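The primary structure of each chain is shown beneath.
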Amino acid sequence: MQISARYLDRTTILDVSGDIDLASSPELRKALLRELREMRIPRLVLNLKAVEYVDSSGVASLVEALKASRDTGSRLILFGLNSAVREVLQLSKLLKIFEIAETEEQAVAP
Amino acid sequence: MSRGSLLLKVELRSNPEALCIVRNALGQLAETLGFSDTDRRSVVLAVDEALTNIIRHAYQGKPEQPIEVSCRRIQAAQDGVLKPALEIVLEDRGAAVDAKKLCGRALDDVRSGGLGLHFMRESMDAVEFRRRWHRNQLRMVKLLRGSEPAEGS
């Protein structure tokens, strides 16, 4: 898994690629919580277009980030979910709790 | 149910970095057997979650511990009819699994953790645990829906 960050006005976009599993989810969790808790970014956008696989540890990291965003009053927005990622979030019955955009333009729109 | 023919046997260590190798192998096997894309992803997810549970709970994060994964093509009964299926058995020598804790979790609350067993049960047609000869054994079965697998595959 690889993560790179882009910084817009009051928004951070994290571009994630590869597999999110037991080996890589701690790195994702760290990156998400850093933006939300330390940087206090008002809006964090997660680009999952290049994510091919996510497991329960990845979902757990997303849930933890969602909780952190609620604590800090930030928005956490996901976009670019492919079939594999969408199926896992549906299976967890957590799809509805996340703010999901279809495109990056929608995710960063004012 | 017949014992079935062995298709794949993998011996790995309890290192998270090994998970992607098993996922790739299982994905290829499921595709070869004729599983749909969705069912192939389900099989891969279930095995990955099972391995994650072994690493985290049975071995409590300790690396370099042995895990065996065996895959067989079997005939499994559904509604009294035998159907082709993939049987996957995972064995480890870690701490005994507490059957009382294998109830999954309610999904009506938003919290992280505890999803792995739920994913396994939702993804597979059968999930069974047992303790045998100081080993945990997890058996999972996925029925092959639709077309029959090609001979010799």
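Residues numbered from 1 in each chain as written. Chains lettered and ligands numbered in written order. Predicted model: local features only at pLDDT ≥ 70, side-chain atom pairs only at ≥ 80, totals over all residues.

### Side note on the sheet that holds strand β3 (residues 43–54) of chain A
Residues and elements named next belong to chain A. Sheet architecture is open: five strands sit in the order β1-β2-β3-β4-β5, paired in mixed fashion. Of all strands in the sheet, those bounded by a partner on one side alone are β1 (2–8) and β5 (99–101). Taken pair by pair, the neighbouring strands of this sheet meet at an average axis angle of 25°, ignoring direction. Two elements, strand β2 (residues 11–20) and β3, share nine bridges in a ladder whose sense is parallel. Counted as the bridge partner of G18 is V51 from β3. Set on the sheet, helix α2 (residues 56–72) makes contact with β2, β3 and β4 (75–79); between it and β4 the angle comes to about 145°. (Pairing = 2+ DSSP bridges. Helix = DSSP H or I, 4+ residues; strand = E, 2+ residues; numbered from the N terminus. Axes fitted to C-alpha atoms, helices over the stretch in contact; angles between N-to-C directions. Contact = placed C-beta atoms within 7 Å.)

### So, the confidence of the model for chain B
Residue and element names in this part refer to chain B. With 83% of its residues at a pLDDT of at least 70, chain B reaches an overall mean of 87. For the stretch residues 149–153, pLDDT sits under 50, and the model shows seven contacts to residues farther than four places along the chain or on other chains. Model confidence for the complex is summarised by a pTM of 0.88, with the ipTM given as 0.88. (pLDDT = per-residue confidence, 0-100.)

### Quick notes on the nonpolar core
All names here are of chain B. One finds A46, V47 and L51 to be the most contacted residues of the largest nonpolar core, which totals 64 residues. In terms of residue count, helix α2 (residues 37–58) provides more of this core than any other element does, 10 residues in total. Excluding its chain neighbours within four sequence positions, the residues that come into contact with V47 are V22, L26, V69 and I88. (Core = buried A, V, L, I, M, F, W, Y, C linked by C-beta atoms within 7 Å. Buried ≥ 20, exposed ≤ 12 C-beta atoms within 10 Å, placed from the backbone.)

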